[in-house]
Amino acid sequence: MFGIPGKQAVTLTDAATKQIAKLMTRGETQGLRIGGKKGGCAGMEYTMDYVSEIDPHDEVDLGHV
């Protein structure tokens, strides 16, 4: 949406990727949705939610599936 061409908006460490994958096996989860909203001392804060359905507007990184 507001990305810089050729640059990832968010990067995850290998440890974070493994932990997310482990937590996703516990339910009917299709992915982890990361977003931003107004708030925090800098004016923006991250949001993260496990989702059961992929939205057509979601950007999907299949490299970690």
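Look above for the structure.
Residues numbered from 1 in each chain as written. Predicted model: local features only at pLDDT ≥ 70, side-chain atom pairs only at ≥ 80, totals over all residues. Heavy atoms only, no water.

**Comments concerning the overall build of the chain**
Now for step 1: Secondary structure assignment for the chain yields one helix and two strands.
Now for step 2: Reading the chain from its N end, one meets helices and strands in the order α-β-β.
Now for step 3: Scored against the burial criterion, the 65 residues of the chain give a buried share of 6%.
Now for step 4: In the chain, 20% of the contacts between residues at least 6 apart in sequence involve partners at least 24 apart.
Now for step 5: For the chain, the accessible surface area stands at approximately 6100 Å², while carbon and sulfur atoms represent 55% of it. (Helix = DSSP H or I, 4+ residues; strand = E, 2+ residues; numbered from the N terminus. Buried < 20%, exposed > 50% of the residue type's maximum accessible area, 1.4 Å probe, protein only. Contact = heavy atoms within 4.5 Å. Areas by Shrake-Rupley, 256 points an atom, 1.4 Å probe, with all protein chains shown as cover.)

Geometric descriptors of this kind do not, in isolation, establish any biological role.
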